[in-house]
Structures are given as C-alpha cells and as structure tokens.
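Inside the fold
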Amino acid sequence: MARSAARALSGAPAPDEAARAIPAAPDARTEIRNWYAHLMGERRMSEATLVNYHRDLTRFFEFLVDHLGGPASLDALAALQTRDFRAFVSHRRNEGLQSRSIARLISSVRSFFRFLDRSKVLSNASATALRSPKLPHALPKPLTVKGARHLLGEAKTAPDNPWIAARDIAVLTLLYGCGLRVSEALGLDRREAPLKETLRITGKGNKERIVPVLPATREAVEAYLKLCPFGLAPSDPLFVGARGKRLGQRQVRETMIGLRRRLGLPETATPHALRHSFATHLLAGGGDLRAIQELLGHASLSTTQMYTEVDAARLLEVYNKAKERK
C-alpha cells in the first residue's frame, strides 16, 4: 500500500522545525506545531502543499511582528479584526503577489485558524470569514498523446546513470499510465513490486482507490529494480535517489524540466501534467467520466468534469486550424 505523503517528505520541515522557524509567542508557536503536524499526519498533505502553507503562515506572523509591535500570542490572534487581515493581504499584494498566490495565502491562514477553532484553543470569526479573490477559470494543460510518447522516449536516452534513467522512466510511466499524483507514486514502498494488475493507492484525505496497471508500467518498474544498486527491503521506498533515500518531488520536477527543454515543450509540461494527460486521453478515447473520477480519486465529479472542457477546447482548436488551411 502507498505510504502517506508525510513519510515521503524531503523538502518540507518536520513539525518542531516548522514551528521554530515562525516568529510567534511561545503559546502560539505550540499551536503552530500542532497545526503543522495535523497537516502532515492526519491530512497527509503533499510536500509542496506543506512547504507553501508553512511559508504563508511564516509571512503572516512576520507581518504581525511589525503590525502588533512584537510576536503574536494566542490572545493577540483571538483579538485580530477584519481590518488586520485585510492589511496583511494588502501588504502581500503590494509586494507583488498575484491573485492565485493571494488565494492560497488566505487558504493557509484560514486553515490555521480553523484548526485553532476545532481544537477549542480560540475562535476568530474574522479569520474564518476571509474571502479569497475570484480567480479566472483555468483548464488543465495536458500533453498531447504524441507529446507524452516523445517525453517518455526522451527519458530513455537521458545521459544519467542507467539505473537513474530507468527510475525516472518508471516514475513518469506511473504518472501517465496510472494517473497518480507525484506524492502517490513516490510514496510507494518496495513491497509493492513486482506490480500486479491493480494497485491500491492512498490519496488525498486518506481515501483509497484501486487503479489498473498497464503491462508497460509494470515492465518499467521491473527494469528499474533490476538496475537499482541498492538492496531495498520490503519496507524501504520503491523509488530512491542517488544516496538510497526516498526520491523527492523536487528531483522529479527537475527531471521534467530537463526533458521539456530538450523537447521544446512548454513550461506547463510538469509532472502533474502527466496525470492530466492520463485523464484527458482516456476521455478522448471514450472513457466514462465516472470511472475516470474513481481512477483519479476525485471526491467530486465536478472536479473531473473539467477534462470535458479540455477535450472540447482541443476539438475546437483542431477545427479552427482546419478552417484556416482551406
């Protein structure tokens, strides 16, 4: 079974370290540590989300140091009013933050205050009433079928050690062939291999789902394991870095950056774009929307429906180009 994202972290700090890094009064710092441990353990947030939430809360408490004249205590947090939160958002916007980053910033701060409220530490209605800015409706940006094939083919010619190239191919094939999130693929343990025809994945919110595994994906993982120089025990991570530790998301992102530069792909060709490609290509091939929802582990069908818009947008683009050639 896939392990929690928390056990696959490499860039996100541990709870004690995360709390120490934030300029808060001792009582508030204790609750920051508890909140962060909750996100890491019970919520099983991805490494990237943890890093972003921690960074946002750090900026919030840094602002409060100047705004209040010192590190904020729990009493000070409880006394904050709407104008204080608006001042913080205005401060960050003046520093150049765009609406999407502002929305995540507000989500991070709200998450902290909701945790304090649920834990019966303090309640602040102004914090929980914060509203995010309206964001433009953005569609996922998958690769084309041809682009995905070229990317996986290029990964085979990577000038790294043969076992590292095989590892990268296996990871990318899991993302594209099974529609996994990066954290889900990197959270797999050695005991999962050799992969069977299906794989049990624990995703967001500790929700489990079963995904089918294509022969090409199983073969890619087997090829990697044959070349991997480390003797991995069943409880060890399936995918490891050069030092034998669990592979981190940053390394996967760097691999994708190198591949897209060599292939001239846009910056939207990220590891997560392979998951988008999985869903879009399935839908274009006649896949059932409800089945795709279950394969992706989406809690709501409305989240999966965005791929119908991608498919329609691509059809319109092809149609328009055909008209131009006439």
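Throughout this description, residue numbers start from 1 for each chain and increase along the sequence as written. Only residues with pLDDT of 70 or above have their local features reported here, since the model is predicted, and side-chain atom pairs are shown and tallied only from 80 upward, although totals for entire chains, interfaces and linings are computed over all residues. Calculation of side-chain values draws on the structure's entire complement of heavy atoms; hydrogens and water are dropped beforehand.

1. So, the overall build of the protein
What the protein contains, in helices and strands, is 16 helices and two strands. With a 1.4 Å probe rolled over the protein chains alone, any residue whose accessible area is under 20% of its type maximum counts as buried; one over 50% counts as exposed, and the rest are partly exposed. Among the 326 residues that make up the protein, the fraction classed as buried is 48%. Considering only residue pairs separated by 6 or more positions, the protein has 65% of its internal contacts joining residues 24 or more positions apart. To be clear on the numbers: accessible area is Shrake-Rupley with a 1.4 Å probe, and residue cover counts the displayed protein chains and nothing else. When the accessible surface of the protein is totalled, it reaches about 16700 Å², and 51% of it is carbon and sulfur. Here a helix means four or more residues in a row that DSSP labels H or I, a strand means two or more in a row labelled E, and each is numbered from the N terminus. The contact criterion used is simple: two residues touch if any of their non-hydrogen atoms lie within 4.5 Å.

2. Structural notes on empty space enclosed by the protein
Residues are called lining when one of their atoms sits within 4 Å of a cavity or pocket point, these points coming from a 1 Å grid over the protein atoms alone, where a cavity is a set in which a 1.4 Å probe fits but cannot get out and a pocket is an open set with protein on both sides within 12 Å along at least five of seven lines. Grid points are joined across faces, edges and corners, and a volume is the space filled by probe spheres set on the points. In this structure the tally under the stated criterion is four cavities of 30 Å³ or more. Of the voids in this model, the largest cavity is the one considered here, and its volume is about 50 Å³. Lining the largest cavity are Arg167, Asp168, Val171, Leu172, Leu247, Gln251, Val252 and Thr255. Of all the elements in the fold, those that place two or more residues in the lining of the largest cavity are α9 (162-178) and α12 (249-263).

3. A look at the packing of aromatic side chains
Here a pair means two rings of Phe, Tyr or Trp (six-membered ring of Trp) with centres within 6.5 Å. Their orientation is stacked below 30 degrees between planes, edge-to-face above 60, and tilted elsewhere. Throughout the structure, instances matching the rule amount to 12 aromatic pairs. Here the aromatic rings of Trp163 and Phe230 are separated by 5.8 Å at their centres, their planes lie at 80 degrees, and the arrangement is edge-to-face. One end of the pair, Trp163, is in helix α9; the other, Phe230, is in the loop between α11 (215-227) and α12, and 67 residues separate them in sequence. In this structure Phe230 comes out as partly exposed when scored by relative accessible area, which is 28%. The structure contains a cluster of three or more aromatic residues connected by ring pairs, namely Trp35, Tyr53, Phe60, Phe61, Phe63, Phe85, Phe88, Phe112 and Phe113.

4. As for the pairing of strand β2 (residues 208-212)
Alternating positions in β2 separate cleanly, Arg209 and Val211 being buried on one face and Glu208, Ile210 and Pro212 remaining unburied on the opposite face. By the convention used here, strands pair only if DSSP detects at least 2 bridges between them. In the sheet, strand β1 (residues 198-202) pairs with β2 via five bridges, with the strands oriented antiparallel. Bridged to Leu199 within β2 is Val211. Linkage of β1 to β2, two consecutive antiparallel strands, is achieved through a turn of five residues, within which Gly205 is found at a positive phi near 65 degrees.

5. Brief notes about the environment of Leu282
Considering the arrangement of structural elements, one finds Leu282 in helix α13 (residues 271-284). Taking C-alpha positions, Leu282 is 9.9 Å from Tyr307, a pair spaced 25 residues apart along the chain. Look past the residues within four positions of Leu282 in its chain and what remains in contact with it is Gly287, Ile292 and Leu295.

6. Comments concerning the pattern of salt bridges
Charged atoms that come close allow side chains of opposite charge to pair. Basic side-chain nitrogens of Lys or Arg form a salt bridge, by our definition, when they fall within 4 Å of a carboxyl oxygen of Asp or Glu. Throughout the structure, instances matching the rule amount to 11 salt bridges. The residue Arg246 makes a salt bridge to Asp189 at a minimum N-O spacing of 2.8 Å. Taken as a pair, Arg246 in the loop between α11 and α12 and Asp189 in the loop between α10 (182-186) and β1 lie far apart in primary sequence, 57 residues in all. Per residue, the accessibility class of Arg246 equals that of Asp189, and both read buried. A single salt-bridge network, built from bridges that share partners, covers Arg181, Glu184 and Arg209.

None of the figures reported here should be taken as evidence of function without further support.
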